[in-house]
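Chain and residue survey
Each chain, written out:
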Amino acid sequence: MLGELFAVMAPVFFGASLGFGWVRLGHDYPVEFITRLVFNIGTPTLILASLNGADIDPGSFGRTLLGTLLVITVMGLASLAIARVLGKPWRTVILPTMFPNTGNMGLPVTLYAFGNAGFAYAITVMVSVSLVQFTFGTLLSSRSGRPLRSLARTPVVYAILIATAMLLTGTTLPAWLANTVELISGFSVPLMLITLGVSLGRIRVRNLAAGVHFSLLRIPAAALLAYAVGHLLGLPPLAQSVLVLQMSMPVAVFNYLFAQRARREPEFVAGLVLCSTLLSFVYLPVLLAVMM
């Protein structure tokens, strides 16, 4: 069991360490360019490649998407209580509470833990989180934000619509297109991990204790809530495990970017990102040992 857990966590740890070490050594890393590349090209092709011919019935796909939205919504409400415990404004705490790192950490962990079958469900969760994050998050972090316009210009939206239509109709991509999107999508997961490490290496943190307290409040609540929602919706065991795992991921780095943009205690949010990510290398193996 320990060997299996190490096999799951080692690629994530060493991938992020590459990025962390790279930026700490003073080398340049174009985070903005890489983020745009992964989000606008890598992620859409990854969605299509993962869901093309995936063995997921439309009902399970829809329930997984609904379950994700339910967990995000309830965690948003729970953030009011967490903010009070931490003595922080709810606007500072709500986004880190709602949006875990289901992309550049959640996808690799799920892939190595549950294989391609679980990865398809992980993509579904990640896309659901991203859609809400880049609409509600943009709206909350900017007075002049235009979330609907931003959403309409997001390739991920069109990729998930195409993939959903394919699942509902039983359609698959032609071989030439399937091979193309699979090839292009291959850079996504490694770049996600390296960029995560770079981001952690660049953010500045003042108060680590608050990050630890936040993680101890959020992670058990998210895991238990995801399990309950999965049971309530009757998700297949694999989909339920993936939902629990994805919702238990550390705070997404994008929450730090939103906090910077809105000028809502970005260094505090940086502490939440850093502490929850470091703690994940302790609690994720325990969670995986229970589920695998």
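See the structure shown above.
Summarised in this report is the structure supplied together with it. (Residues numbered from 1 in each chain as written. Predicted model: local features only at pLDDT ≥ 70, side-chain atom pairs only at ≥ 80, totals over all residues. Heavy atoms only, no water.)

**Remarks on the packing of helix α10 (residues 208-233) against helix α11 (residues 237-247)**
How we decide: Where helices are involved, their axes are fitted lines through C-alpha atoms of the stretch in contact, as for all axes, and angles between N-to-C directions lie from 0 to 180°. A helix here means a DSSP run of H or I that spans at least four residues, while a strand means a run of E at least two residues long, and both kinds are numbered starting from the N terminus. Angle categories: roughly parallel below 35 degrees, roughly antiparallel above 145, roughly perpendicular from 65 to 115, and oblique for all the rest. Handedness of a crossing is defined here by the sense of rotation of the near helix relative to the far one, left-handed for an anticlockwise turn of less than a right angle and right-handed for a clockwise turn. What makes two residues a contact is simply this: any of their non-hydrogen atoms within 4.5 Å. For this scheme, ten residues count as nonpolar: Ala, Val, Leu, Ile, Met, Phe, Trp, Tyr, Cys and Pro. Four count as charged, namely Asp, Glu, Lys and Arg, and the remainder, Gly too, count as polar.
Contact pair α10 / α11: the axes reach a minimum separation of 8 Å and the direction vectors enclose 160°. Taken together, α10 and α11 sit at an angle that is classed as roughly antiparallel. Note on packing geometry: the crossing formed by α10 with α11 is right-handed. Facing R218, A222, A223, A226, Y227, G230 and H231 of α10, the residues of α11 in contact are Q240, L243, V244 and M247. Of the residues that constitute the contact of α10 with α11, the class distribution is seven nonpolar, three polar and one charged.

**A closer look at helix α7 (residues 155-169)**
Note the cut-off: By this rule, a helix spans an expected 1.5 Å times one less than how many residues it contains. Three labels apply to residues, based on accessible area from a 1.4 Å probe with only protein chains included: buried if under 20% of the type maximum, exposed if over 50%, partly exposed otherwise in between.
If you check α7, its first and last C-alpha atoms are 21 Å apart, about what 15 residues at 1.5 Å a residue would give, namely 21 Å. Among all positions of α7, only V156, V157, A159, I160, A163, M166 and L167 are buried. One or two positions beyond α7, positive phi appears at G170, with a value near 70°.

**With respect to the nonpolar core**
For the record, the criterion: Buried Ala, Val, Leu, Ile, Met, Phe, Trp, Tyr and Cys residues form a nonpolar core when they are joined through side-chain atoms within 4.5 Å.
Membership of the largest hydrophobic core comes to 88 residues, with the highest contact counts inside it found for I47, L51, L107, I123, L245 and L284. With 14 residues, the top contributor of residues to this core is helix α5 (residues 106-141). Other than its neighbours up to four places away in sequence, L51 contacts I56, F61, A120, I123, T124, I160, A163 and L167.

**Overview of the side chain of T45**
When you line up the elements, T45 lands in helix α2 (residues 31-51). Owing to a relative accessible area of 11%, T45 belongs among the buried residues under this scheme.

Geometric descriptors of this kind do not, in isolation, establish any biological role.
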